[in-house]
Amino acid sequence: MSGAAAIQVSSITNADKLMIVILQASSTGNYKVGVRINNDSTANNYNHSGGMLDVKSTYIAGDIFNIYSNSNGAFNDQITAAFFATSGTSQMTSTIFIDGGNSSGIKPFKIFTGTSGGTNGRQVYSGGWYTGTSTISSIRVINDDEATNFDAGTFYVFKTAYRDWE
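Residues numbered from 1 in each chain as written. Predicted model: local features only at pLDDT ≥ 70, side-chain atom pairs only at ≥ 80, totals over all residues. Heavy atoms only, no water.

Novice: Would you mind going over the overall build of the chain with me for this structure?
Specialist: Counting its regular elements, the chain contains 0 helices and 11 strands. Along the chain, helices and strands appear, N-terminal first, in the series β-β-β-β-β-β-β-β-β-β-β. Across the 166 residues that make up the chain, the buried fraction comes to 43%. Intrachain contacts of the chain at a sequence separation of at least 6 include 76% that bridge at least 24 residues. In the structure as shown, the chain presents an accessible area of about 7400 Å², 50% of it carried by carbon and sulfur atoms. (Helix = DSSP H or I, 4+ residues; strand = E, 2+ residues; numbered from the N terminus. Buried < 20%, exposed > 50% of the residue type's maximum accessible area, 1.4 Å probe, protein only. Contact = heavy atoms within 4.5 Å. Areas by Shrake-Rupley, 256 points an atom, 1.4 Å probe, with all protein chains shown as cover.)

Novice: What's the story with the packing of aromatic side chains in this structure? I'm lost.
Specialist: Two aromatic rings are characterised by how far apart their centres lie and by the angle between their planes. Throughout the structure, instances matching the rule amount to 3 aromatic pairs. Between Y46 and Y130, the aromatic rings sit 4.8 Å apart at their centres with planes inclined by 45 degrees, giving tilted as the arrangement. Residue Y46 is located in strand β4 (residues 46-54), and its partner Y130 is located in strand β9 (residues 122-130); the two are separated by 84 residues in the primary sequence. Comparing Y46 with Y130, the two get one shared label, buried. Look at Y156 and F158: their rings are 5.9 Å apart centre to centre, the planes differ by 20 degrees, and that puts the pair in the stacked class. Owing to a relative accessible area of 42%, F158 belongs among the partly exposed residues under this scheme. K32 extends its terminal NZ or CZ atom over the ring of F75, reaching a point 4.3 Å from the ring centre. In this arrangement the basic side chain of K110 is found over the ring face of F97, its NZ or CZ atom lying 5.7 Å from the centre. (Phe/Tyr/Trp six-rings, centres within 6.5 Å; stacked < 30°, edge-to-face > 60°. Lys NZ or Arg CZ within 6 Å of the ring centre and 35° of its normal.)

Novice: Help me understand the nonpolar core, please; the structure alone is not making it clear to me.
Specialist: Within the largest apolar cluster, 28 residues are counted, with the highest numbers of intra-cluster contacts made by I22, I79, I96, I98 and I139. If you tally residues by element for this core, the top one is strand β2 (residues 17-26), at 4 residues. Not counting residues up to four positions away in its chain, the partners in contact with I98 are D16, K17, L18, I20, I37, I79, K107, P108, F109, I136 and I139. (Core = buried A, V, L, I, M, F, W, Y, C linked by side-chain atoms within 4.5 Å.)

Novice: Help me out: how do you make sense of the pairing of β2 in this one?
Specialist: Side chains on a regular strand alternate between the two faces of the sheet. With 7 of 10 residues buried, β2 is to be regarded as a mostly interior element. Relative to strand β7 (residues 91-99), β2 is paired through 8 bridges, and the arrangement is antiparallel. From the neighbouring strand, V21 faces β7, where its bridge partner is T95. Where β2 meets strand β11 (residues 152-160), 8 bridges bridge the pair, whose relative direction is antiparallel. Bridging from a neighbouring strand, I20 pairs with V157 of β11. (Pairing = 2+ DSSP bridges.)

Novice: Would you explain the environment of F158 in this entry?
Specialist: Tracing the backbone shows F158 in strand β11. When the C-alpha positions of F158 and L18 are compared, they lie 5.6 Å apart, and in sequence the two are 140 residues distant. If near-sequence neighbours (up to four positions away) are discounted, F158 is found in contact with K17, L18, M19 and V21.

Structure below.
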């Protein structure tokens, strides 16, 4: 991921379930990392619901664990995976699970993220749903809306066509 502001895996076909893994990504500054399905940046296609742990420089009661939703920290034009800390040594690792990739319906997702290396990093553990109607053909990881390059990191996409609930 080093030297790029966006990395995309294309030609995803017939994948019902996807697992996106971002390992030890880093970037200098307090930037958000997001994932776009089919590079779709349509507002309101991504809906978040869950929790976010803010890493602060000082403890403030009631300001560490927050609701994580479209109106409180999440961006509705991407699956918002994490926020780097303000330190140049900040890293993040995230795993995102997406279901329903080979259908035209709603695609639920789950996010588990960890950050390290300074203050103002945000760890996300939430879920949500993507409302775009196309089947998933690509996954794009972006750093701060493709405005800032990653310093390091590895990005994987794993897929399966098996549906274990049928």
